[in-house]
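# Observations on the three-dimensional arrangement
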Amino acid sequence: QIEQIFDRLTRQVASGKKIVLPTAALGSNNMLFLLNREIKQHHRYHTPFSSLMLSVGEIIMPDGMRKPLRADLSFVLPKLFSVLKSFLRDIDLIGSLGAPDEHCLFALLAMTPLDGAEILRERIIKKIDETSFDIDNQSAKVKLVISIAVPSESTKDLKTYLDEARKMHALANS
């Protein structure tokens, strides 16, 4: 088993595969720009907003559970994107924050307070629990890690908001 894992990792590194999101997903520059704008709007007009960070915690294969590999994420993230997009409104945005969070999807929920984001999280988890993923020609399930961030009193700017969001995601992942 160790040799198989090593061979798979070697092929993955040699292939130089990157995690590619669908073209409808916002890139990190656009997402960060729009998040920064939302934070400024929140400070000026006191409008609510929240965000979700989604990552794959574990892959559940027929032979057991394991942490996701980069190659797995190439199959899983586009399908997660489609599921998440189906739950979002037209004003909500979904994309990536880039490094060091390229393995995560990030959703910006405009005019959505914490309780609305919690309802959305439960709906997504229920849908993903019912969804199968094709990984290594096997039907697999995924265990999602979904964290919610909302602006707090200490949210001054984009950096402090991202620090808070990443801290919330790390807590949800532990």
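So, a few notes on the structure that sits alongside this text. Keep in mind that what you see is a predicted model, and the values were worked out from it rather than measured.

Time to look at the pattern of salt bridges. Once their charged atoms are close, side chains differing in charge can pair, the charge on each being opposite to the other. Evaluation of the coordinates by the stated rule reveals six salt bridges. Of the charged contacts in the structure, one is a salt bridge between Arg70 and Glu102, with a shortest N-O distance of 3.9 Å. Of this pair, Arg70 sits in helix α3 (residues 70–87) while Glu102 sits in the loop between β3 (93–95) and β4 (105–110), and the two are 32 residues apart along the sequence. For Glu102, a relative accessible area of 29% puts it in the partly exposed group. Notably, a salt bridge pairs Lys159 with Asp163, separated by 2.9 Å at the nearest N-O pair. With Lys159 and Asp163 both in helix α5 (residues 158–173), this residue pair falls four residues apart, about one helical turn. Residue classification places Lys159 among the exposed residues on the basis of a relative accessible area of 57%. Taken together, the salt bridges that share partners define one network made up of Arg66, Asp72 and Asp136.

Procedures and definitions
- Residues numbered from 1 in each chain as written.
- Predicted model: local features only at pLDDT ≥ 70, side-chain atom pairs only at ≥ 80, totals over all residues.
- Heavy atoms only, no water.
- Salt bridge = Lys/Arg side-chain N within 4 Å of Asp/Glu carboxyl O.
- Helix = DSSP H or I, 4+ residues; strand = E, 2+ residues; numbered from the N terminus.
- Buried < 20%, exposed > 50% of the residue type's maximum accessible area, 1.4 Å probe, protein only.

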